[in-house]
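Secondary and tertiary structure notes
This is what each chain is made of:
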Amino acid sequence: MELYELTIHELQDKLRTGETSSAEITASVFGRIDAVEKDVHAYITLMRETALAEATRADEAIRKGEIGALTGIPIALKDICCTKGVRTTCGSRILHNFIPPYDATVVEKLRAAGAVLTGKTNMDEFAMGSSTESSFFGATRNPWDLTRIPGGSSGGSSAALAAGECIASLGSDTGGSIRQPAALCGVVGLKPTYGRVSRFGLIAFASSLDQIGPFTKDVEDCAILMNVIAGYDPRESTSVPEEVPDYRQFLGRGIEGWTVGIPKEYFIDGIDPEVEAAVRETIKVVEKAGAKCIEVSLPHTEYCLAVYYIVAPAEACSNLARYDGVKYGFRSEEGRDLMEMYKKSRASGFGAEVKRRIMIGTYALSSGYYDAYYKKASQVRALIKRDFDEAFAKCDVILTPTTPTPAFRIGEKTGDPMQMYLSDIFTISTNLAGIPGISVPCGFTAAGLPIGVQFLAGHFQEGRLIQFASAYEKEAHLEKRRPRCHGI
Ligand code: GLN
């Protein structure tokens, strides 16, 4: 096996014994990038030189016995996380030349833990999308089948990981953007509780829904990354001063006697039969591990998509009002006066999907419509949250498919926004309720495309999710297939 194929914890064992060095690991990852990136296109910006310097520093630290939680491990960042001195585009023309003067809190934390930062990964423009096709920088391809999308909006982070172009990565999830691409690329993806990971330095899309989380090759690595990125941040007003447990303590503990809720509203018409079969199989696996599965109901599920597509665009249209071509980012040179400069900069700086969201959001917030749309959506959101509270009174975790279908073809849904929005039908409720959710690989279709299962728990119960997911992973004996990254 090549070094780039290994997990964080496997590499840490090799680093500790001196069997390998961070320089070797980093060279292996960049070698893989050189081999496959032209086909996968997972990155917007590579940080090769600084990464190699960081690897050398990590090796010196290891020699001195100063080993942090991620010393010498190559990690990729979604290009929505601000990086000091390194271009941060959010997948948009309007930020194509933006160089942040500061690091996001998660980036500071990764650096402090000794990580080697490989680069900034591709994403749907402003994280609006489910396929990474709306990026100003072009689409990312799924390493399992290059004619297909990797999921989105964090598709660059999931594809880079599946392809071996990093050892782990970070993404952000507003309605499914970590879990959906994780499922479609055959990796683990966790969206933490709202408030668990600081959003300071995360470019805002919908501030009441956005969360940063890890993409990893297995559940143990997920616990390792969560240990680094979780926690209170006084610079971020919605971050919660709740104690962070050592997430590794939840690994391998078993789930004997746990009750698992299967929401009847999540096994619906339109779900791909191979996805449904694989997810139903996971029910058998967790029962074999000693859990009891019961049916639960989340009766307001049918409203989730409608509520999300009021709340998220409403927040997005106010968050995106700051991009006007004045202080930073793209400026049209064509305007003859200030108003025209604003208009032309925004008209050619934003792509079609972003403009659609700005228009929907502005409409939903406009006077006379606010009560009918935004206020109503906020009220229904409270009912969706209550559904989960009531379900968690009866079960420890909830099990659902992560996505209704495996990865679809590039171009298949770009002409039909509603079809694209439906990709997140099983993930959006989690963000509306603010609870954590994890997607774990659970099998493959006959054509060799990965399938994911989603586990949900109550607020701040990421530890419970890690315990459950690690028990599932152990019992499931899934094949450790790796994508070939060619086949066009
Ligand atoms: N696909 C959803 C959207 O387009 C969710 C995106 C996300 O989680 N960032 O808004």
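See above for the structure.
Let me sum up the structure you'll find in this document. Note that residues are indexed from 1 along each chain, following the sequence as it is written. For this predicted model, a pLDDT threshold of at least 70 governs which residues receive local features, and a threshold of 80 or more governs which side-chain atom pairs are given and counted, while totals over whole chains, interfaces and linings are taken from all residues. Hydrogens are left out, water is left out, and the side-chain values use all remaining heavy atoms of the structure.

We define a nonpolar core as any set of buried Ala, Val, Leu, Ile, Met, Phe, Trp, Tyr and Cys residues linked to one another through side-chain atoms lying within 4.5 Å. Exposure categories follow from relative accessible area, calculated using a 1.4 Å probe and restricted to protein chains: below 20% of the type maximum is buried, above 50% is exposed, and the middle band is partly exposed. Ranked by internal contacts, the top residues of the largest apolar core, which has 154 residues, are L70, L110, F126, F388 and F455. No other element matches the eleven residues that helix α9 (residues 304-319) contributes to this core. Secondary structure elements are defined from DSSP: runs of H or I of at least 4 residues count as helices, runs of E of at least 2 residues count as strands, and each element is numbered from the N terminus.

Two numbers describe how helix α2 (residues 22-40) lies on helix α3 (residues 48-63): the axes approach to 8 Å, and their chain directions differ by 160°. Here α2 is positioned roughly antiparallel relative to α3, judged by the angle of their axes. Both α2 and α3 take part in a crossing whose hand is right-handed. Only R48, A51, L52, A55, A58 and D59 of α3 make contact with α2, whose side of the interface consists of S22, A23, T26, F30 and D34. Amino acid classes used here: Ala, Val, Leu, Ile, Met, Phe, Trp, Tyr, Cys and Pro are nonpolar; Asp, Glu, Lys and Arg are charged; the rest, including Gly, are polar. Partitioned by chemical class, the residues of the contact of α2 with α3 number six nonpolar, two polar and three charged. Only the stretch in contact is used when a helix axis is fitted, and all axes are lines through C-alpha atoms; the angle between N-to-C directions ranges over 0 to 180 degrees. Roughly parallel refers to an angle under 35 degrees, roughly antiparallel to one over 145, roughly perpendicular to one between 65 and 115, and oblique to any angle outside these ranges. By definition, turning the near helix anticlockwise from the far helix through less than a right angle yields a left-handed crossing, and turning it clockwise yields a right-handed one. Pairs of residues are marked as contacts when any of their non-hydrogen atoms sit within 4.5 Å.

With omega at 10°, the peptide bond leading from G152 into S153 counts as cis. With respect to the element layout, S153 can be found in the loop between β3 (116-121) and α5 (155-163). Positioned with a positive phi, C90 is a non-glycine residue whose angle comes to about 55°. Here C90 lies in the loop between β2 (74-78) and α4 (105-112). Accessibility expressed as a relative area gives 0% for C90, which makes it buried. Even without being glycine, H477 reaches a positive phi, approximately 45°. One can find H477 in the segment after α15 (462-476).

To continue, consider the pattern of salt bridges. Just to be clear on terms, a salt bridge is a Lys or Arg side-chain nitrogen sitting within 4 Å of an Asp or Glu carboxyl oxygen. Under the definition given, this model contains 21 salt bridges. Its salt-bridge partner being D13, residue R16 comes within 3.3 Å of it at the nearest N-O pair. One end of the pair, R16, and the other, D13, are both in helix α1 (residues 8-17), three residues apart, so they sit about a helical turn from each other. Accessibility expressed as a relative area gives 43% for D13, which makes it partly exposed. Note that K14 is salt-bridged to E19, the shortest N-O span being 2.9 Å.

When DSSP finds at least two bridges between two strands, those strands are taken to pair. The eleven strands lie next to each other as β1-β3-β2-β4-β6-β5-β10-β11-β9-β7-β8, forming an open sheet whose pairing is mixed. Strands with a single pairing partner mark the edges of an open sheet, and in this sheet they are β1 (43-46) and β8 (292-296). In this sheet, neighbouring strand axes are inclined to one another by 30° on average, regardless of whether the strands run parallel or antiparallel. Most of the contacts of α15 go to strand β10 (residues 437-444), to which it runs at about 10°, and overall it touches β5 (188-191), β7 (259-263), β9 (397-401), β10 and β11 (450-456).

Look at helix α8 (residues 273-288) against α15: their axes get within 9 Å of each other, and the N-to-C directions meet at 100°. One finds that α8 runs roughly perpendicular with respect to α15. Contact residues: T282, V285, V286 and K288 in α8; F468, Y472, E475 and A476 in α15. Per-class residue counts for the contact of α8 with α15 are five nonpolar, one polar and two charged.

Our next topic: the packing of aromatic side chains. In summary, the pairing rule links any two rings of Phe, Tyr or Trp, Trp by its six-membered ring, whose centres are within 6.5 Å, and it sorts them by plane angle into stacked for under 30 degrees, edge-to-face for over 60 and tilted for everything else. Applying the stated criterion across every chain yields a total of 20 aromatic pairs. Relative to Y328, the ring of F98 has its centre 5.0 Å away and its plane inclined at 35°; by these criteria the two rings are tilted. Here F98, found in the loop between β2 and α4, pairs with Y328, found in the loop between α9 and α10 (338-349); they are 230 residues apart in sequence, far enough to count as distant. A relative accessible area of 13% means that F98 is categorised as buried. With a centroid separation of 5.8 Å and an interplanar angle of 70°, the aromatic rings of F455 and Y472 are classed as edge-to-face. Of this pair, F455 sits in strand β11 while Y472 sits in helix α15; the two residues are 17 residues apart in sequence, bridging distant segments of the chain. When its relative accessible area of 2% is taken as the criterion, Y472 is described as buried. Chaining the aromatic ring pairs together yields one cluster made of F98, F126, Y323, Y328 and F350. A positively charged side chain is recorded as over a ring if its NZ (Lys) or CZ (Arg) lies within 6 Å of the ring centre. The angle to the ring normal must also be within 35 degrees. Across from the ring centre of F408, 4.4 Å away, lies the NZ or CZ of K413, which sits over that ring. Taking NZ or CZ as reference, R481 lies 3.9 Å from the ring centre of F444, over its face.

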